[in-house]
Amino acid sequence: MEDQKEIKVEQTITETPETPKTSKQKKPTKKQLVSELLAKSNSKVFIANWKMNNKFADIKAYFKKFNKLIGSDKTLKTMGNVLIGVAPTAIGLLPVVGMARKGILTVAQNVYHKENGSYTGCISYDQVHEYNINYAIVGHYETRTIFNLKEADVNEVVKSLVNNQMTPILCIGETAEEKDNGLTQKVLSKQLLNDLKDVSANQALNVIIAYEPIWAIGKSPATNDEIDKNIKMIREIIGSIYDSETAKNIHILYGGSVDENNAAEILTVRSVDGFLVGRAGLDPLAFYKIIKSSPEYIESEKILKSKNK
Ligand code: PGA
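Bringing the site of the ligand into the picture now. Around the ligand, the neighbouring residues are Asn49, Glu212, Ile217, Gly218, Gly255, Gly256, Ser257, Val258, Leu276, Val277, Gly278 and Arg279. Within the shell around the ligand, the residues separate by chemical class into four nonpolar, six polar and two charged.

We now examine unusual backbone geometry. Although it is not a glycine, asparagine 132 adopts a positive phi angle of roughly 60 degrees. Mapped onto the secondary structure, asparagine 132 falls in the loop between helix H7 (125-129) and strand E4 (135-138). In this structure, asparagine 148 takes a positive phi of about 50 degrees despite not being glycine. Taking the number of C-beta atoms within 10 Å as the measure of exposure, asparagine 148 has 8 and is therefore exposed.

This part is about the sheet that holds strand E6 (residues 208-211). What the eight strands build is a closed barrel, ordered E1-E2-E3-E4-E5-E6-E7-E8; its pairing is parallel. The mean inter-strand angle of the sheet, taken between neighbouring strand axes irrespective of direction, is 25 degrees. Examined bridge by bridge, E6 and strand E7 (residues 251-255) share four bridges and lie parallel to one another. Paired with isoleucine 208 across the two strands is histidine 251, which belongs to E7.

For the protein chain, per-residue confidence averages 89 on the pLDDT scale, and residues scoring 70 or more make up 86% of the total. Low pLDDT, under 50, characterises residues 1-28; the stretch is placed with 15 contacts to residues that sit more than four places away or in other chains.

This next bit is on the packing of helix H9 (residues 151-162) against helix H11 (residues 184-195). Relative to each other, H9 and H11 sit at 50 degrees, their axes nearing to 8 Å. The orientation of H9 relative to H11 falls into the category oblique. Mapping the contact onto sequence places Glu151, Ala152, Val154, Asn155 and Val158 in H9 and Gln191, Asn194 and Asp195 in H11.

What follows is about helix H16 (residues 284-292). Working note: α-helix, 3.6 residues per turn, so residues spaced by three or four point in the same direction. Among all positions of H16, only Pro284, Phe287, Tyr288, Ile290 and Ile291 are buried. Within H16, the buried residues cover an arc of 155 degrees as seen down the axis, which keeps them to one side.

So, about the pairing of E7. Counting buried positions over the five residues of E7 gives five, a clear majority of the element. Of the two faces of E7, the one holding His251, Leu253 and Gly255 and the one holding Ile252 and Tyr254 are both buried throughout. Where E7 lies against strand E8 (residues 274-277), two bridges are found, and the strand directions are parallel. Bridge assignment links glycine 255 to a residue of E8, and that residue is leucine 276.

Val107, Ala136, Val158, Ile169, Ile209, Leu253 and Val277 are the most contacted members of the largest nonpolar core, which has 81 residues in total. Once you skip the residues sitting within four places of it in the chain, valine 277 turns out to touch Phe46, Ile47, Ala48, Asn49, Val258, Phe287 and Ile290.

Another point: the environment of aspartate 283. Assignment of secondary structure puts aspartate 283 in the loop between E8 and H16. When the 18 C-beta atoms within 10 Å are taken as the criterion, aspartate 283 is described as partly exposed. Taking the C-alpha atoms as reference, aspartate 283 lies 9.5 Å from alanine 48; in sequence the two are 235 residues apart.

Looking now at the pairing of E4. Side chains of E4 alternate between two faces, with Tyr135 and Ile137 and Ala136 and Val138 buried alike. Relative to E4, strand E3 (residues 104-108) runs parallel, the two being bridged by two bridges. From the neighbouring strand, valine 107 faces E4, where its bridge partner is tyrosine 135. Relative to strand E5 (residues 167-172), E4 is paired through four bridges, and the arrangement is parallel. Across the sheet, residue tyrosine 135 finds its bridge partner in E5, namely threonine 167.

Here we take up the environment of glycine 92. Its location among the elements puts glycine 92 in the loop between strand E2 (82-87) and helix H6 (93-99). Once the C-alpha coordinates of glycine 92 and alanine 108 are considered, the two residues, 16 residues apart in sequence, prove to be 9.3 Å apart. If sequence neighbours within four positions are ignored, glycine 92 has contacts with Asn54 and Ile59.

What follows covers the packing of helix H4 (residues 56-71) against H16. A pair of packed helices is characterised by two quantities: the angle between their axes and the separation of those axes. Contact pair H4 / H16: the axes reach a minimum separation of 9 Å and the direction vectors enclose 25 degrees. When the interaxial angle is binned, H4 and H16 end up roughly parallel. The handedness of the crossing between H4 and H16 comes out as right-handed. Residues Tyr62, Lys65, Phe66 and Leu69 of H4 lie in contact with H16, whose contacting residues are Pro284, Leu285 and Tyr288. Here the residues of the contact of H4 with H16 sort into six nonpolar, no polar and one charged.

Moving on, we come to helix H13 (residues 224-241). Look at H13: 26 Å from first C-alpha to last across 18 residues, which is about the 26 Å you get at 1.5 Å a residue. Inspection of H13 places Ile227, Asn230, Ile231, Ile234, Ile237 and Ile238 among the buried residues, and these make up the whole buried set. Axial view of H13: buried residues confined to an arc of 115 degrees, hence all on one face. In this fold, the buried residues of H13 make contact with H11, E6, helix H14 (244-249), E7 and helix H15 (263-266).

Criteria and thresholds
- Residues numbered from 1 in each chain as written.
- Predicted model: local features only at pLDDT ≥ 70, side-chain atom pairs only at ≥ 80, totals over all residues.
- Near = placed C-beta within 6 Å.
- Nonpolar A, V, L, I, M, F, W, Y, C, P; charged D, E, K, R; others polar.
- Helix = DSSP H or I, 4+ residues; strand = E, 2+ residues; numbered from the N terminus.
- Buried ≥ 20, exposed ≤ 12 C-beta atoms within 10 Å, placed from the backbone.
- Pairing = 2+ DSSP bridges.
- Axes fitted to C-alpha atoms, helices over the stretch in contact; angles between N-to-C directions.
- pLDDT = per-residue confidence, 0-100.
- Contact = placed C-beta atoms within 7 Å.
- Parallel < 35°, antiparallel > 145°, perpendicular 65-115°, else oblique.
- Arc of directions from axis to C-beta.
- Core = buried A, V, L, I, M, F, W, Y, C linked by C-beta atoms within 7 Å.
- Left-handed = near helix turned anticlockwise from the far one by under 90°.
- Expected span 1.5 Å × (residues − 1).

Below is the structure:
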């Protein structure tokens, strides 16, 4: 079985992808919107952001393990309300599409908002969409910094995605200095207002927000109190931009030094709907343990065990 999967993987990336012939054929299968896919209560989202890591052989080794872990997990099969994704570099997208087992989403780390044209060095939302990649991280702190993105640029990408039934994983967060100067609320409000400009309430429900305090990325996590306070603050801001229903139902993840040892503790914060994971997401076992640490998983596991007694 394992061998068959491996052969398929090689085929996926050595063959030229079929050229779409008509605009009708080109249309990717309709994606279910996050808001339809995940009922708000009891749902969790886990995305591993690989950043600029993993070459082809690493990707192969990763999915050999990760597919097995996810595929053999009976609890995950019964849960339903969980979304698992892996975000490789642009060059890793197609290998991941080919290798990841059903149920593991391929997520782009960054896309450009134009459909096509003279934009050297960019990949368009439409190009990833063609391969049924329907999720993209937008405005990660590192992306904003490296490419000098303004909030208006981030907003263009968010709009290009939601206008095409794709899901942005919109990263927002404050610097250590802003936090120390009591500016967190101001910064988060400004980011949300600008990043979500001209995005309707319905479309906003298809946006996953990742609250990533910049000072916690690659260092050590925020405390549960800080996470709870700031995610509630984000919901309030969303409520003031849209309405209380949107604020209640939008998915908000936490990101910043999550690992298999602190995930369960952070997930006791009820306002957290999941994680965007950096370093720990590079290890399939660690990422799997993070997924398993959600209260929903533990509850489902208990139910399954009692049924099997
Ligand atoms: P980290 O990265 O988990 O390594 O802190 C998180 C992120 O940048 O999304």
